[in-house]
Amino acid sequence: MKPFINFESRMVRLPINNIDTDQIIPARFLKTTSKKGLDKQLFNDWRYDAQGNPNPDFVLNQPQAQGTQVLLAGDNFGCGSSREHAPWALLDFGITCVISTSFGDIFYNNCFKNGVLPIKVSPEDLEKLFDDAERGANATLTVDLEKQEIRGPDGGVVKFEIDPHRKKCLLEGLDDIGLTMVKGNQIDSFEAKTKAARPWA
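What you are looking at is a predicted structure, and each value in this text was computed from that prediction instead of being measured.

A.B. asks: Which parts of the structure should I look at to understand the pairing of strand β4 (residues 117–120)?
C.D. replies: Consecutive side chains along a regular strand alternate between the two faces of the sheet. Looking at chain direction, strand β3 (residues 97–100) and β4 are connected through four bridges and run parallel. If you follow valine 98 over to β4, its bridge partner there is proline 118.

What follows is the structure, given as structure tokens:
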């Protein structure tokens, strides 16, 4: 997992409540174990018509979505079934931060394990960000994980809370495997002592 780096980016808005993981990436695309190529299936049923043609009205098909790292979403984003492919697809599209008032619990946890920062803000702050996102090319914000701040285009600052351990893991790029590998020397030492004490095992 790559370390999370503070960034400035355009933002796109998807002001719909209760977007579940099957809408983020439909179940028929879950056969793969690769994280690559899932960007094409992100919000597939909204981005494309029945013939596979892009829907020009969907926000991710519009010019301002190109290169964006921030998705502003309605309440309870990522609810529904457990599927790690949902944050995989967001990340493969380039989205490294999702801002909402609340998230589905499993999706929220999966984001941290895959390098996506889910930020919870108040309904009032989300509405302000939705308004900022309407500024076109000027609709940019800065996400500063170290300071736990979102800085808007008008200079306004929104503070957010995050668990200190999760913050550390994102900043250092540590997923579950990475956390284990950090203790590699201790594990090797333990194994050596165990082998010496129990050579028959």
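A.B. asks: Is there a simple way to explain the nonpolar core in this structure?
C.D. replies: Here is a general trend for soluble globular proteins: nonpolar side chains tend to be buried in one another's company. Core analysis: the biggest nonpolar cluster contains 51 residues, and Phe43, Phe77, Leu90, Ile99 and Leu117 have the highest contact counts within it. Every element with two or more residues in this core is listed here: β1 (7–14), β2 (70–73), α3 (85–93), β3, α4 (105–113), β4, α5 (123–132) and β5 (140–144). Among the elements that make up this core, the one with the highest residue count is α3 (five residues). Excluding anything up to four places from it in sequence, leucine 90 contacts Ile24, Leu42, Phe43, Leu71, Phe77, Ile95, Val98 and Phe107.

A.B. asks: Which parts of the structure should I look at to understand the packing of aromatic side chains?
C.D. replies: For any pair of aromatic rings, geometry is given as the distance between the ring centres together with the angle between the planes. Inspection of every chain in the model, using the stated rule, returns nine aromatic pairs. Relative to phenylalanine 58, the ring of phenylalanine 43 has its centre 5.8 Å away and its plane inclined at 55 degrees; by these criteria the two rings are tilted. Within this pair, whereas phenylalanine 43 is found in the loop between α1 (21–24) and α2 (44–47), its partner phenylalanine 58 is found in the loop between α2 and β2, the two being separated by 15 residues in sequence. The exposure classification of phenylalanine 43 matches that of phenylalanine 58, with both residues buried. By the ring-pair criterion, three or more aromatic residues cluster together here, those being Phe77, Phe103, Phe107, Tyr108 and Phe112. When the ring centre of phenylalanine 130 is taken as reference, the NZ or CZ atom of arginine 13 above it lies at 5.0 Å.

A.B. asks: Would you mind going over the layout of surface pockets with me for this structure?
C.D. replies: One number sums up the size of the largest pocket: a volume of about 510 Å³. Taken together, 18 residues line the largest pocket, and the ones lying closest to its centre are Lys2, Leu91, Thr96, Asn114 and Gly115. At four residues, α3 tops the list of elements feeding residues into the lining of the largest pocket. When the residues that make up the lining of the largest pocket are grouped by side-chain class, the tally is eight nonpolar, four polar and six charged. Of the voids in this model, the second largest pocket is the one considered here, and its volume is about 170 Å³. Around the second largest pocket sit Met11, Val12, Arg13, Leu14, Asp57, Phe58, Val59, Gln62, Gln64, Ala133, Glu134 and Gly136, which together line it. When its residues are assigned to classes, the lining of the second largest pocket shows six nonpolar, three polar and three charged.

A.B. asks: What should I look at first to understand the sheet that holds β5 in this one?
C.D. replies: Two modes of strand pairing occur in sheets, parallel and antiparallel, and in both the strands are linked by backbone hydrogen bonds. One open sheet accounts for seven strands, arranged β4-β3-β2-β1-β5-β6-β7; its pairing is mixed. Each edge of the sheet is formed by a strand with only one pairing partner; in this case those strands are β4 and β7 (157–159). The average angle at which neighbouring strand axes cross in this sheet is 30 degrees, direction not considered. As paired strands, β2 and β3 are joined by three bridges and run parallel to one another. From the neighbouring strand, valine 70 faces β3, where its bridge partner is cysteine 97.

Definitions and limits used
- Each chain carries its own residue numbering, running from 1 in the direction its sequence is written.
- Per-residue local features are limited, in this predicted model, to residues with pLDDT of at least 70; the limit for side-chain atom pairs, both in listing and counting, is 80 or more; totals at the level of whole chains, interfaces and linings are taken over all residues.
- With hydrogens and water set aside, each side-chain value is computed from the structure's full complement of heavy atoms.
- Any two strands are treated as partners once DSSP identifies two or more bridges connecting them.
- Here a strand is any run of E in DSSP of at least two residues, a helix any run of H or I of at least four, and the numbering for each starts at the N terminus.
- Nonpolar core, defined: a set of buried Ala, Val, Leu, Ile, Met, Phe, Trp, Tyr and Cys residues in which side-chain atoms within 4.5 Å join the residues together.
- When a residue's accessible area, from a 1.4 Å probe over protein chains only, is under 20% of the maximum for its type it is buried; when over 50% it is exposed; and in between it is partly exposed.
- The contact definition used throughout considers only heavy atoms, calling two residues in contact when any of these lie within 4.5 Å.
- Think of it this way: a Phe, Tyr or Trp ring, Trp meaning its six-membered ring, pairs with another when their centres are within 6.5 Å, and the plane angle makes it stacked under 30 degrees, edge-to-face over 60, tilted otherwise.
- Any Lys NZ or Arg CZ found within 6 Å of a ring centre and within 35 degrees of that ring's normal is scored as a charge over the ring.
- Cavity: a set of points on a 1 Å grid over the protein atoms alone where a 1.4 Å probe fits but cannot get out. Pocket: an open set with protein on both sides within 12 Å along at least five of seven lines, its lining residues, like those of a cavity, having an atom within 4 Å of a point.
- Grid points are joined across faces, edges and corners, and a volume is the space filled by probe spheres set on the points.
- Residues are grouped as follows: Ala, Val, Leu, Ile, Met, Phe, Trp, Tyr, Cys and Pro are nonpolar; Asp, Glu, Lys and Arg are charged; all remaining types, including Gly, are polar.
- Note on method: axes are straight lines fitted to C-alpha atoms, helices fitted across the in-contact stretch only, with angles between N-to-C directions ranging 0 to 180 degrees.

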